[in-house]
Amino acid sequence: RLNNIPKDFLWGASTSAFQVEGAYQEDGKGLSIADIRSFKKSTQQLDTKVTVDHYHHWQEDVALMKELGMKSYRFSISWPRIFPNGTDAQPNETGLAFYHQLIDQLLSEKIEPIVTMYHFDQPMGMIEEYGGWIDRRSITDFVKYAECLFEEFGQKVKYWLTINEQAVLVVAPDMLGIDLTLPFSEKYQQAYQANYHMWLAQAKVYKLFRERYPHNYIGPAISHLTTLPASKKSYDMMAAKELEDFYTFSQIDVALNGEIPIYFSNELANAQITIQTYPEDGEILKEGTANFIGVNWYCTTIVEAKKERHSSDFLFTRINRTLDPDLLHTNWGWNFDPVGLRYGMRELMHRYGDIPIMITECGWSQEEQLESGKIHDSQRISYLKEHIEQMDLSIGDGVNIISFNPWSFIDLLSVGDGMEKRYGLVFVDRTNFEKRQQKRYKKDSFEFYKELIKANSVN
Ligand code: BGP
């Protein structure tokens, strides 16, 4: 029983462009770093070329969303569909037309579009021309892209997410086009310079948007690691706090307060990472802040302090991640810890007050096979049920959560682990995937979520 979730709550589900669309070179789309990364895995089961072919199945997919009773759909616009090289002066009209159709169809089904501008798929053209986010020119190209999206879709889309999981991009810098074989210090020097440019670019975009649409919402989609200490020893507790501050809260602090926190700058200084700045940057960050946040939340992360610690080490070399043997884990090591969600949400409220929060991802992955046309995904159902109950309690605690969008609406290409790691409420049969059959099946979790939405909302 849910007691606190309002009847007009945005019950939704989530995807991202390169993970569902396929059509990787159709209608003028350019290549992104996400495409290039996926080709290195060299099999079509693992790359972005076809995935679940949402680009050609979108009408059928929106019909399933309607059947599920979704009130919101969180998806991303493919940056290289709009600006094929990122650096182009004019947008690709065919790319814009695709999203106009999709958004219009969602609106006509009363499904609120929640749009991510950049979900891991920076156009390769920018990376080839000047290195991508490590260069300051990327700020201008991102602002140009955002302006184009506001111009085209600003009247239709109320909720915008700028960058998905910036902290992940920095810790896995090949996703930014940074060479992983570079020496440690050089690699992170580049990654944190890129991080800094992403902060500036978003600040400019927040400002622009909020001046134009003061009643609508814009913010980042944060990778939220609710970090727990492996023991009650102060050094483990400190390690957990340091990781959570540096990885998760620094991103939110900058987005909401318009200032880079001292604990973050100190950590970089310790690691001898020097960021190139311009005198006007402080002002840019201060002037453009977000007015809501998207939170991607999957599980808790448990850390301990390494025994051998040197204060000059970089944070990630001072801690170990551990697993709690009492918790259930996916085959990929992500734990099932729903109370962790409530704990994380309460922390957000204590730190940021009444800021509206949207859960933009939350989900359970497993390998699945059809059994007489069915998928009995009972583990995913318990995951959803228990996380939704904890979200309901969080709202009772006073946390201003406005929407829940589990990952994922439909099976899709996982960022790290190909197509066999499935998250969807809808199963996709990829036998003969090249032929675009890609038949959709509703999983048991689809039926569960449908009933839950029906019981807890007004239609
Ligand atoms: C988040 C990303 C998603 C998604 C998810 C699951 O980091 O925003 O794009 O893929 O994690 O991760 P994975 O696909 O590696 O299982």
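Residues numbered from 1 in each chain as written. Predicted model: local features only at pLDDT ≥ 70, side-chain atom pairs only at ≥ 80, totals over all residues.

Per an unreviewed UniProt entry, the recorded name for the chain is Beta-glucosidase, and the organism is Vagococcus elongatus. Check the Sequence similarities (unreviewed entry) section of the UniProt entry for the chain; it says "Belongs to the glycosyl hydrolase 1 family." (UniProt positions renumbered as here; feature names shortened; annotations may be inferred.)

A. Structural context of the overall build of the chain. Scanning the chain for helices and strands turns up 15 helices and 13 strands. Taken over C-alpha atoms, the radius of gyration comes to 21 Å for the chain, in line with the 23 Å a tight globule of 459 residues would show. Counting only C-alpha atoms and orienting by the principal axes, one finds that the chain spans roughly 60 × 55 × 45 Å. Summarising the internal contacts of the chain: among those between residues at least 6 apart in sequence, 78% fall at separations of at least 24. (Helix = DSSP H or I, 4+ residues; strand = E, 2+ residues; numbered from the N terminus. Rg over C-alpha atoms; globule rule 2.2 N^0.38 Å. Contact = placed C-beta atoms within 7 Å.)

B. Region of the structure containing helix H5 (residues 93-108). Compared with an ideal rise of 1.5 Å per residue, which puts 16 residues at 22 Å, H5 spans 22 Å between its outermost C-alpha atoms and is within 8% of the ideal. Of the surrounding secondary structure, the elements contacted by the buried residues of H5 are helix H3 (54-68), strand S2 (72-76), helix H4 (79-82), strand S3 (112-118) and helix H7 (137-153). Immediately beyond the C-terminal end of H5, within one or two residues, lies lysine 110, with a positive phi of roughly 60 degrees. (Expected span 1.5 Å × (residues − 1).)

C. View of the packing of helix H13 (residues 338-352) against helix H14 (residues 378-397). Following both chains from N to C, one finds H13 and H14 inclined at 25 degrees, their axes separated by 8 Å at the closest point. Between H13 and H14, the crossing angle belongs to the class labelled roughly parallel. Like other packed secondary-structure pairs, H13 and H14 cross with a definite hand, here right-handed. Counted together, Pro338, Val339, Leu341, Arg342, Met345, Arg346 and Met349 of H13 and Glu386, His387, Gln390, Met391, Leu393, Ser394 and Asp397 of H14 form the full contact between these two elements. In terms of residue class, the contact of H13 with H14 is made up of seven nonpolar, three polar and four charged. (Axes fitted to C-alpha atoms, helices over the stretch in contact; angles between N-to-C directions. Parallel < 35°, antiparallel > 145°, perpendicular 65-115°, else oblique. Left-handed = near helix turned anticlockwise from the far one by under 90°. Nonpolar A, V, L, I, M, F, W, Y, C, P; charged D, E, K, R; others polar.)

D. Summary view of H13. Counted at 1.5 Å a residue, the expected span for H13 with its 15 residues is 21 Å, and the 21 Å between its end C-alpha atoms agrees. For H13, every residue scored as buried is listed here: Pro338, Gly340, Leu341, Arg342, Gly344, Met345 and Leu348. Each element contacted by the buried residues of H13 is listed here: strand S6 (226-229), strand S8 (300-305), strand S10 (357-361), H14 and strand S11 (401-404). Of the residues trailing H13, glycine 353 is marked for its positive phi of about 65 degrees. (Buried ≥ 20, exposed ≤ 12 C-beta atoms within 10 Å, placed from the backbone.)

E. Summary view of the nonpolar core. Ranked by size, the top nonpolar core spans 113 residues in total, and within it Tyr73, Met117 and Trp160 carry the most contacts. Looking at this core, the element that brings in the most residues is helix H9 (residues 184-212), giving 13 residues. (Core = buried A, V, L, I, M, F, W, Y, C linked by C-beta atoms within 7 Å.)

F. Molecular detail of the site of the ligand. Lining the immediate surroundings of the ligand are 15 residues, of which Ser16, Glu165, Ser414, Val415 and Gly416 lie closest. Tallied by class, the residues present in the shell around the ligand amount to three nonpolar, eight polar and four charged. (Near = placed C-beta within 6 Å.)

G. Spotlight on the sheet that holds S6. Pairing in this open sheet of three strands is mixed, and the strands run S6-S8-S9 from one edge to the other. The sheet is open, and its two edges are formed by S6 and strand S9 (319-322), each paired on a single side. On average, each strand axis in the sheet is inclined to that of its neighbour by 40 degrees, with strand direction left out of account. Judged from the four bridges that link them, S8 and S9 form a sheet pairing that is antiparallel. Of the residues in S9, the one forming a bridge with isoleucine 302 is threonine 322. (Pairing = 2+ DSSP bridges.)

H. Summary view of the environment of valine 426. Note on placement: valine 426 falls in strand S12 (residues 426-429). The class for valine 426 is buried, based on 24 C-beta atoms found within 10 Å. For valine 426 and aspartate 444, which are 18 residues apart along the polypeptide, the C-alpha to C-alpha distance reads 9.0 Å. Sequence-distant contacts of valine 426, that is, excluding residues within four places in its chain, are made with Leu64, Phe409, Ile410, Asp411, Arg440, Tyr441, Lys442, Lys443 and Phe446.

I. Highlighting the confidence of the model for the chain. Of the residues in the chain, 98% reach a pLDDT of 70 or more, and the chain-wide mean stands at 95. Scoring the predicted complex yields pTM 0.97 and, for the interface, ipTM 0.98. (pLDDT = per-residue confidence, 0-100.)

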